[in-house]
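If you want the building blocks of each chain, they are given just below.
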Amino acid sequence: MEESQVLDVLQKARSQELFAITQYLSFHEQLESFGYSKLADGMKEIAIKEMHHSAELGARIKLLTCEPEDVFVGEISKPKCALVIFKSAMDLEKTAISDYNYFIHICSEHKDFISADILLGMLKEEQQHFDYFMKTASLIETIGAPFLASQSSALISSIKQNS
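All values reported here derive from a predicted model rather than from experimental measurement.

1. Considering the packing of aromatic side chains
Step number 1: Per the counting criterion, the structure on display carries eight aromatic pairs.
Step number 2: Taking the centre distance of 5.9 Å and the plane angle of 45° together, the rings of Tyr 100 and Phe 103 count as tilted. Here the residue Tyr 100 and the residue Phe 103 both occupy positions in helix α3 (residues 82–109), the gap between them amounting to three residues, near one helical turn. No difference in accessibility class separates Tyr 100 from Phe 103, as the two residues are buried.
Step number 3: An aromatic cluster is defined as three or more aromatic residues linked by ring pairs; in this entry it consists of Tyr 24, Phe 27, Phe 86, Tyr 132 and Phe 133.

2. A word on the nonpolar core
Step number 1: Counting 40 residues, the largest nonpolar core has Tyr 24, Leu 31, Met 43, Phe 86, Tyr 100, Leu 119 and Phe 133 as the members making the most contacts within it.
Step number 2: Elements represented by at least two residues in this core include exactly α1 (3–34), α2 (37–63), α3, α4 (113–143) and α5 (145–150).
Step number 3: For this core, the leading source of residues is α3, giving 11 residues.
Step number 4: Apart from residues no more than four positions distant in its own chain, Phe 86 is found in contact with Leu 31, Leu 39, Met 43, Tyr 132, Phe 133, Thr 136, Ala 137 and Ile 140.

3. Comments concerning the packing of α3 against α4
Step number 1: Orientation of α3 relative to α4, taken along the N-to-C sense of each, is 160°, at an axis distance of 8 Å. If you check the angle between α3 and α4, you find them roughly antiparallel. Along this stretch, α3 crosses α4, giving a crossing that reads as left-handed.
Step number 2: For the contact of α3 with α4, the class distribution of residues is 23 nonpolar, six polar and five charged.

4. What about α2?
Step number 1: Between the first and last C-alpha of α2 there are 39 Å, a value that for 27 residues agrees with the 39 Å anticipated at 1.5 Å per step.
Step number 2: A positive backbone phi angle near 60° is found at Thr 65, which sits one or two residues after α2.

5. What about the packing of α1 against α2?
Step number 1: One can describe the packing of α1 onto α2 by two numbers: an axis separation of 8 Å at closest approach and a directional angle of 160°. On the basis of their axis angle, the class for α1 and α2 is roughly antiparallel. Seen from above, α1 lies across α2 with left-handed handedness.
Step number 2: For the contact of α1 with α2, the class distribution of residues is 18 nonpolar, six polar and seven charged.

6. Considerations on the side chain of His 53
Step number 1: Structurally, the position occupied by His 53 is in helix α2.
Step number 2: Accessibility expressed as a relative area gives 3% for His 53, which makes it buried.
Step number 3: Within the structure, His 53 has its side chain in polar contact with the side chain of Glu 125 (distance 2.7 Å).
Step number 4: Residues contacting His 53, with those up to four places away along its chain left out, are Glu 17, Met 122, Glu 125, Glu 126 and His 129.

About the thresholds
- Residues numbered from 1 in each chain as written.
- Predicted model: local features only at pLDDT ≥ 70, side-chain atom pairs only at ≥ 80, totals over all residues.
- Heavy atoms only, no water.
- Phe/Tyr/Trp six-rings, centres within 6.5 Å; stacked < 30°, edge-to-face > 60°.
- Helix = DSSP H or I, 4+ residues; strand = E, 2+ residues; numbered from the N terminus.
- Buried < 20%, exposed > 50% of the residue type's maximum accessible area, 1.4 Å probe, protein only.
- Core = buried A, V, L, I, M, F, W, Y, C linked by side-chain atoms within 4.5 Å.
- Contact = heavy atoms within 4.5 Å.
- Axes fitted to C-alpha atoms, helices over the stretch in contact; angles between N-to-C directions.
- Parallel < 35°, antiparallel > 145°, perpendicular 65-115°, else oblique.
- Left-handed = near helix turned anticlockwise from the far one by under 90°.
- Nonpolar A, V, L, I, M, F, W, Y, C, P; charged D, E, K, R; others polar.
- Expected span 1.5 Å × (residues − 1).
- Polar contact = N/O pair within 3.5 Å; in protein donor to acceptor, adjacent residues only side chain to side chain.

And the structure:
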């Protein structure tokens, strides 16, 4: 097994995860500030899943006798509306899906089927994240303000208190 190429793709995958964690936590805070607590909670849950990915990749990298690198792959964005947040998250996941397919190929080519299997499990979760972001963006585009209002805990609490 050619460990250097495998380690390189594992490090790249981990860097993407670290960036996604920070970006999704930033999106979480923005959605909270917009009053969309349900959407914020969903974003936070995905950030936590990305943390698990990062930890799992770090452990695999250490097992292959290398220290994980703490490198970011992008610049944190702060969109001004929920729709742009979810479209930006879709773009991140689309990139991750494409890259993970390539990373799996590299690991398999170098006969590191354990790393390939780890990445395959993460790829499946990245696809689920993409699907969630796409469905949410579609609901925002299609339904608009009524959908966004339904994602506000403050509005739901006030409706319950008035009934």
